[in-house]
Amino acid sequence: MVYFIREHWMLAAAALAALTSMLVVPPDEAYLRYFDWKTIGCLFCVLAMANALRRIGTFDRIARMAIARQSSPRTLALTIVLTTAAFSMAFTNDVALVIMLPLSASVLVELNQTRLVPAVFALQALAANLCGMVTPFGNPQNLYIYSHFHLGLVEFLTTMIPPFLLSLAGVIAATMLATGKTTTGNLNKKELQAPATKPFSPQMPIDRRRLSAYGFLFVVTLMAVFRIVPTAAAVVVIAGALAIADRKALVEVDYALLATFMCFFAFAGNMSRLPTMGDFLGPLMDRWGLLVSACTSQVISNVPAAVVLSHFTEAWQPLLVGVNIGGAGTFVGSLASLIAIRYFSLARKVFPRLRADDAPTMGHFLCLFGLMNAAFFVMLLAFC
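The structure presented is a predicted model; accordingly, all values stated were derived computationally and were not measured.

What follows covers the overall build of the protein. If you tally the helices and strands in the protein, you get 18 helices and zero strands. Computed over C-alpha atoms, the radius of gyration of the protein comes to 21 Å, within 12% of the 21 Å expected from 2.2 N^0.38 for 384 residues, which places it in the range of a compact globule. Along the first, second and third principal axes, the C-alpha set of the protein runs to 65 × 50 × 45 Å. Residues counted as buried form 54% of the 384 residues belonging to the protein. Sequence separation of 24 or more characterises 81% of the internal contacts of the protein that already satisfy a separation of 6 or more. A total accessible area of about 16,800 Å² is found for the protein, and carbon and sulfur atoms account for 66% of it. Computing the positive centroid from 27 side-chain charges and the negative centroid from 18, the protein places the two 11 Å apart.

What follows is the structure in structure tokens.
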């Protein structure tokens, strides 16, 4: 039980919040209207397809092809960070980091660029959090807001492209600055090989027939997100296809994240039925929606902030921008930040070079990570 809570602390906290709220608002028929099944279904499809594509080596091959073309530490770091950003736009920020952090650690260690690891990990987390904002499926809270407010793609993009471009420019500038003084010379252009130690960067051959089939299934996922096909139909098609082609891709879906959303829906639905909450949060969201959303994310993370605050406002634009900005700032602003911290700690255990006397420490990483996040949070609040 202790291990489960430590590994899935967000789910445990969400379940506790939901159960506590049930003491105030006992279960009744209204509970059935709390749950946004479209969000749950679309998120399941995105996570399942990400697992399927990862398991046939698609992401690893794409990332290694991009990395192999780089000849300097600075361009290597920039390529890793921007590849993470690109993956986050298509498969959520959490998935992008799970794919790219192990690969970046193994590549940087193999090329004797261990001093880059803390900065690159921090920048990958920022890129995943802040660049994933530009698509409805780039961040989990985006899927929810896109569904909850019945948004169209054009109005979503119109709202999110300006903060996305600012974030992207900031990530590129920060990468150039962070790698400017710590690295010199050219890289050894030997072929990059994946280390034998799991879970860091296993190389897998690509089955072209499966790749084509999974490409079609990913298109089905996008059609469900954009309300072209029913979400239930997409879930049945993808679950059925993967049950035949790759059952492990289904088993490895982050069901804890789906359960966390369910708990948030229950908690938020109960809170919305309390008049005192509406009297307090309604005026705040009407006047300071972006600031309230961003700051609330710093305390309870941006996914629960989006779910809870959506019940107290009809102004989706400041809510959407605010919870995405809120992915930066504190370590709990986004679950993706905690993934980066966890993988840095794991990398230090796997790679002896990251434990050498002159290697960056965990404290160094946390300090750098915290400063970068705080700087981006302040910058985005000031300009958005």
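Still to come is the rest of the account.
Attention now moves to the environment of Phe121. Position of Phe121 relative to the elements: it lies in helix H7 (residues 117-131). Residue classification places Phe121 among the buried residues on the basis of a relative accessible area of 0%. Each C-alpha atom, one on Phe121 and one on Val378, is 20 Å from the other, the two residues being 257 residues apart in sequence. Not counting residues up to four positions away in its chain, the partners in contact with Phe121 are Leu101, Ser104, Ala105, Ala340, Tyr343, Phe344 and Phe365.

With that out of the way, let us pick up the state of the cysteines. The term disulfide refers to a covalent linkage connecting the sulfur atoms of a pair of cysteines. Per the counting criterion, the structure on display carries zero disulfides. Cys45 carries a free sulfur, and the closest cysteine sulfur to it, the one in Cys42, is 6.3 Å from it.

Glancing now at the nonpolar core. The biggest cluster of nonpolar side chains holds 129 residues, and the ones touching the most others in it are Met49, Phe91, Phe121, Ile145, Tyr214, Leu242 and Phe261. Once residues within four sequence positions are removed from consideration, Ile145 is found in contact with His150, Leu151, Ala306, Leu319, Leu320 and Val323.

Summarising the model, the protein shows a mean pLDDT of 88, and 92% of its residues fall at 70 or more. Averaged pLDDT values for the elements of the protein fall to 66 in helix H1 (residues 2-7) and rise to 97 in helix H16 (residues 316-325). Confidence drops under pLDDT 50 across residues 191-202; counting only partners more than four residues distant or on other chains, this segment forms 34 contacts.

The next thing to look at is the packing of aromatic side chains. Tallied over the entire structure, the rule returns 16 aromatic pairs. Centroid distance Phe121 to Phe344: 5.9 Å. Interplanar angle 75°. Geometry classified as edge-to-face. Pair noted here: Phe121 is in helix H7 and Phe344 is in helix H17 (residues 335-350), with a separation of 223 residues, a long-range link. One aromatic cluster is present, built from ring pairs that chain together Phe35, Trp37, Tyr144, Phe261 and Phe265.

We now examine the pattern of salt bridges. Tallied over the full model, the rule gives five salt bridges. Residue Arg273 pairs with Asp28 through a salt bridge whose shortest N-O separation is 2.6 Å. Remark: Asp28 occurs in the loop between helix H2 (9-24) and helix H3 (37-55) and Arg273 occurs in the loop between helix H13 (255-272) and helix H14 (275-300); sequence separation between them is 245 residues. The partner of Asp60 in a salt bridge is Arg64, and the shortest N-O contact between them spans 3.2 Å. In this pair, Asp60 and Arg64 are both assigned in helix H4 (residues 58-68), four residues apart and thus about one turn of the helix distant. The buried category is assigned to Asp60, whose relative accessible area is 14%.

Another point: the side chain of Asn139. As for its placement among the helices and strands, Asn139 is situated in the loop between H7 and helix H8 (140-148). A polar contact of 2.7 Å, which involves the side chain of Asn139, links it to the side chain of Asn324. Those residues in contact with Asn139 that sit more than four places away from it in its chain are Asn93, Ala128, Asn129, Gly132, Met133 and Asn324.

A contiguous nonpolar patch, built from Phe280, Leu284, Trp288 and Leu291 and spanning about 390 Å² of accessible area, is present on the exposed surface. Here Trp288 shows up in helix H14.

A separate point is H14. Taking 1.5 Å per residue, 26 residues should reach 38 Å; H14 reaches only 22 Å between its end C-alpha atoms and comes up short. Of the residues making up H14, those classed as buried are Leu281, Gly282, Met285, Gly289, Leu290, Val292, Ser293, Ala294, Ser297 and Gln298. Packing partners of the buried residues in H14 comprise helix H15 (302-309), H16 and helix H18 (362-383). Remark: Ser301 follows H14 within two positions and exhibits a positive phi of approximately 80°.

With respect to the element layout, Pro163 can be found in helix H9 (residues 153-180). Sequence-wise, Pro163 and Ala18 are 145 residues apart; in three dimensions their C-alpha atoms are separated by 32 Å. Leave out the neighbours within four places in its chain, and Pro163 touches Met133, Leu380 and Cys384.

The next subject is the packing of H4 against helix H5 (residues 73-91). Where H4 contacts H5, the two axes come as close as 9 Å, and the packing angle between them is 150°. Judged by the angle between their axes, H4 and H5 are roughly antiparallel. Considering only the axes of H4 and H5, their crossing is right-handed. Facing Phe59, Ile62, Ala63, Ala66 and Ile67 of H4, the residues of H5 in contact are Leu76, Thr79, Ile80, Thr83, Phe87 and Phe91. For the contact of H4 with H5, a count of residues per class yields nine nonpolar, two polar and no charged.

With that settled, the discussion passes to the packing of H3 against H8. With their axes 9 Å apart at the nearest point, H3 and H8 run at an angle of 140° to one another. With respect to their mutual orientation, H3 and H8 come out oblique. Relative to H8, H3 is oriented so that their crossing is right-handed. Touching Lys38, Thr39, Cys42 and Leu43 of H3 are Leu143, Tyr144 and Ser147, all from H8. Among the residues forming the contact of H3 with H8, the class breakdown is four nonpolar, two polar and one charged.

Calculation rules
- Residues numbered from 1 in each chain as written.
- Predicted model: local features only at pLDDT ≥ 70, side-chain atom pairs only at ≥ 80, totals over all residues.
- Heavy atoms only, no water.
- Helix = DSSP H or I, 4+ residues; strand = E, 2+ residues; numbered from the N terminus.
- Rg over C-alpha atoms; globule rule 2.2 N^0.38 Å.
- Buried < 20%, exposed > 50% of the residue type's maximum accessible area, 1.4 Å probe, protein only.
- Contact = heavy atoms within 4.5 Å.
- Areas by Shrake-Rupley, 256 points an atom, 1.4 Å probe, with all protein chains shown as cover.
- Lys, Arg positive; Asp, Glu negative; His and termini not counted.
- Charge placed at Lys NZ, Arg CZ, Asp CG, Glu CD.
- Disulfide = S-S within 2.5 Å.
- Core = buried A, V, L, I, M, F, W, Y, C linked by side-chain atoms within 4.5 Å.
- pLDDT = per-residue confidence, 0-100.
- Phe/Tyr/Trp six-rings, centres within 6.5 Å; stacked < 30°, edge-to-face > 60°.
- Salt bridge = Lys/Arg side-chain N within 4 Å of Asp/Glu carboxyl O.
- Polar contact = N/O pair within 3.5 Å; in protein donor to acceptor, adjacent residues only side chain to side chain.
- Patch = residues over 30% accessible without salt bridge, like charges linked within 9 Å, V, L, I, M, F, W, Y side chains within 5 Å.
- Expected span 1.5 Å × (residues − 1).
- Axes fitted to C-alpha atoms, helices over the stretch in contact; angles between N-to-C directions.
- Parallel < 35°, antiparallel > 145°, perpendicular 65-115°, else oblique.
- Left-handed = near helix turned anticlockwise from the far one by under 90°.
- Nonpolar A, V, L, I, M, F, W, Y, C, P; charged D, E, K, R; others polar.

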